[in-house]
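Survey of secondary and tertiary structure
As a plain string of letters, each chain reads:
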Amino acid sequence: MSRFRLLLLAAALLPGLALANVEREWHFRVLLDGREIGTHTFRVAERDGERRVDSDARFKVRLLFIDAYTYAHEARERWRGGCLTELETRTDDNGKRIAVRGAGDGTRFEVERAGARERLPGCVMSFAYWNPAMLKQPQLLNVQTGELTDVRVEPLGEETLRVRGALTSARRYALHAPKVRIDLWYAAGESWVQLESRTESGRMLRYEIQ
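Below is a short write-up of the structure. From a predicted model like this one, the values you see are computed outputs, not experimental measurements.

Focus on a nonpolar patch on the surface
Taken together, Leu63, Leu64 and Phe65 make up a surface patch of nonpolar side chains, about 440 Å² in accessible area. Looking at the element boundaries, leucine 64 is found in the loop between strand E3 (50–63) and strand E4 (66–80).

Dropping the structure here:
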């Protein structure tokens, strides 16, 4: 289930959050083949032109009353002017522990992972699924691994979903990255409401907003 790595959301600048002291939250339940395995929550707070983003995920897959797979991820980020300026993540991927740190000023971003440092040029944006601006990027930073990844986004038109018990019209996009496809749905106001992707073993992972 290492495919979970690319599904982690780190957050980025959300268009429209122009007022000071703005806070928003997205809380998803996470399902694997239709069975709930955990939650993933995103919180964005804006103060004095800076955005602070917290992302927390907890998954547990049980098989015959045994924890067959566990996953915990925390990401703490700061953004200014649409660019990532600070990053700190901790991940426990079924016992494998990963830590990533980064800092930048909008013209560069330096990432530290596994004892190595890499300097990325320009304004860096992460896999911020809840941020529609992400759909226009040719590259995104995977904050769990610290790797900059080439991506391509394919619009798939409008569909009707059941969101919080109500039928809702939403636009669907397919995000293509190396060895993975992630489908995303956005309702009116470009609000992210659902995600789906196949794991390496062919199982369906789904995020449903609560």
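What to know about the pairing of strand E14 (residues 191–198)
Across the 8 residues that make up E14, a large majority, 6, are buried. One ladder, built from 6 bridges, connects strand E13 (residues 180–187) with E14; its direction is antiparallel. Residue pairing in the sheet places alanine 187 in a bridge with serine 191 of E14. Counted along the chain from E13 to the antiparallel partner E14, the turn is 3 residues long, and its residue glycine 189 has a positive phi close to 80 degrees. Where E14 lies against strand E15 (residues 204–209), 5 bridges are found, and the strand directions are antiparallel. Bridged to glutamine 194 within E15 is glutamate 208. Hairpin connection of E14 to E15: 5 residues between the antiparallel strands, including glycine 202 at a positive phi of 90 degrees.

Let's talk about the packing of aromatic side chains
With the rule as written, the count across this model stands at 9 aromatic pairs. Ring geometry for phenylalanine 28 and tryptophan 192: centres 4.2 Å apart, planes at 40 degrees, overall tilted. In this pair, phenylalanine 28 sits in strand E1 (residues 22–32) while tryptophan 192 sits in strand E14, placing the two residues 164 residues apart along the sequence. The exposure class assigned to tryptophan 192 is buried, which follows from its relative accessible area of 0%. Ring plane angle 75 degrees and centroid distance 5.9 Å describe the contact between tyrosine 173 and tyrosine 186, whose orientation is recorded as edge-to-face. Of the two residues, tyrosine 173 sits in strand E12 (residues 166–177) while tyrosine 186 sits in strand E13, which places them 13 residues apart along the sequence. Side by side, tyrosine 173 and tyrosine 186 carry an identical accessibility label, which is buried.

A few points about the nonpolar core
Residues Tyr129, Met134, Leu141, Leu175, Leu184 and Trp192 are the most contacted members of the largest nonpolar core, which totals 50 residues. Ranked by residue count, the leading element in this core is E13, at 6 residues.

Quick notes on the pattern of salt bridges
Counting across every chain of the model gives 28 salt bridges. Between glutamate 50 and arginine 52 there is a salt bridge; the shortest N-O distance is 3.4 Å. Given a relative accessible area of 42%, arginine 52 falls into the partly exposed group. Glutamate 208 is paired through a salt bridge with arginine 206; the nearest N and O atoms lie 3.6 Å apart. By relative accessible area, arginine 206 is classed as partly exposed at 28%. Through salt bridges with shared partners, one network takes in Glu25, Arg43, Asp54, Asp56, Arg58, Glu74 and Arg76.

Reading guide: rules and limits
- Along each chain, residues carry numbers from 1 onward, in the same order as the chain's sequence is written.
- Owing to the predicted nature of the model, reporting of local features is limited to residues with pLDDT of at least 70; listing and counting of side-chain atom pairs is limited to 80 or more, with chain, interface and lining totals taken over all residues.
- To obtain the side-chain values, all non-hydrogen atoms of the structure were used and water was disregarded.
- Patches draw on residues past 30% relative accessible area with no salt bridge. Two like charges within 9 Å are joined, as are two nonpolar side chains (Val, Leu, Ile, Met, Phe, Trp, Tyr) within 5 Å.
- Here the Shrake-Rupley method, with its probe set to 1.4 Å, supplies the accessible areas, and only the displayed protein chains count as covering residues.
- In the sections that follow, a salt bridge refers to a side-chain nitrogen of Lys or Arg positioned within 4 Å of a carboxyl oxygen of Asp or Glu.
- In this text, helices come from DSSP runs of H or I with a minimum length of four residues, and strands from runs of E with a minimum of two, each type numbered from the N-terminal end.
- Each residue is placed in one exposure class: buried if its accessible area under a 1.4 Å probe, protein chains only, is under 20% of its type's maximum, exposed if it is over 50%, and partly exposed if it falls in between.
- Here, any two strands with at least 2 DSSP bridges between them count as paired.
- The pairing test for Phe, Tyr and Trp rings, Trp by its six-membered ring, is centres within 6.5 Å, and the orientation test on the planes gives stacked under 30 degrees, edge-to-face over 60, and tilted for anything in between.
- By nonpolar core is meant a set of buried Ala, Val, Leu, Ile, Met, Phe, Trp, Tyr and Cys residues that side-chain atoms within 4.5 Å join together.

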